[in-house]
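# Chains, contacts and geometry: an overview
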Amino acid sequence: MNTFIAQNFYGLFIRGVLLAVIVLVSGCASVPETKSVVADSSPMVSYALSLQGTPYHYGKSSPEEGFDCSGFVQHVYGHQGIALPRTVQGMAQSLNQVPKNDLHSGDLVFFNTNGKPFSHVGIYVSNDNFIHAPSQRTGKVLVSSLKNRYWGERFICAGRP
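Residues numbered from 1 in each chain as written. Predicted model: local features only at pLDDT ≥ 70, side-chain atom pairs only at ≥ 80, totals over all residues. Heavy atoms only, no water.

### Here we look at helix α2 (residues 43-50)
Residues Met-44, Val-45, Tyr-47, Ala-48 and Leu-49 constitute the buried set of α2. Against α3 (69-79), β5 (120-126), β6 (129-132) and β7 (142-145) lie the buried residues of α2. (Buried < 20%, exposed > 50% of the residue type's maximum accessible area, 1.4 Å probe, protein only. Helix = DSSP H or I, 4+ residues; strand = E, 2+ residues; numbered from the N terminus. Contact = heavy atoms within 4.5 Å.)

This is the structure in structure tokens:
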């Protein structure tokens, strides 16, 4: 009888270890997307990438206070001496649109994230990646992919400053 209990305990132990490994691996796969992106040769994109991890803060536009999406884009372009409107809609209306299949590093990508056109903006980096200040929920400036289902379904257009 003791051998039977020992064998069952050992089997349960092994199953528990395997389950723990699966849970740990699955947990790593569901971490919010942050991508390691090689800095573009453009000083503007390089500067934008250097701001990864800066806290999200609605209505703000500086590394010291944090950024919302349009504040981030306006700050990055302003750092290079290029003035852009403060709002996402203002940015979208002031730029020439470019086709999604002709995106270049530094182009702005626009999204409908709340049922209203032009409610989010980011800066295209390369290889379908863009950098942006997504939301209070994500809490920081990060790189995302246009191939991500969420962003792909909400993409509206792109503009070139």
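Next comes the rest of the account.
### Let's talk about the confidence of the model for the protein
Mean pLDDT over the protein: 82, with 75% of residues reaching 70 or higher. Between residues 8-36, whose pLDDT stays under 50, and residues either more than four places distant or in other chains, the model counts 14 contacts. (pLDDT = per-residue confidence, 0-100.)

### Here's the deal with the packing of α2 against α3
Between α2 and α3, the least distance of the axes is 9 Å, while the angle of their chain directions is 135°. As summarised for this structure, α2 and α3 are arranged oblique, according to the angle between their axes. Judged by the twist between their axes, the crossing of α2 over α3 is right-handed. Facing α2, whose interface residues are Met-44, Tyr-47 and Ala-48, α3 presents Phe-72, His-75, Val-76, Tyr-77 and His-79. (Axes fitted to C-alpha atoms, helices over the stretch in contact; angles between N-to-C directions. Parallel < 35°, antiparallel > 145°, perpendicular 65-115°, else oblique. Left-handed = near helix turned anticlockwise from the far one by under 90°.)

### Considering the pattern of salt bridges
If you walk through the whole model with that rule in mind, you get six salt bridges. Across the pair Arg-86 and Asp-68 runs a salt bridge whose closest N-O atoms are separated by 3.1 Å. Pair noted here: Arg-86 is in the loop between α3 and α4 (88-94) and Asp-68 is in the loop between β2 (66-67) and α3, with a separation of 18 residues, a long-range link. The partner of Arg-160 in a salt bridge is Asp-107, with the nearest N and O atoms 2.8 Å apart. Of this pair, Arg-160 sits in strand β8 (residues 155-160) while Asp-107 sits in the loop between β3 (96-98) and β4 (108-111); the two residues are 53 residues apart in sequence, bridging distant segments of the chain. Through salt bridges that share partners, Arg-149, Glu-153 and Arg-154 make up one connected network. (Salt bridge = Lys/Arg side-chain N within 4 Å of Asp/Glu carboxyl O.)

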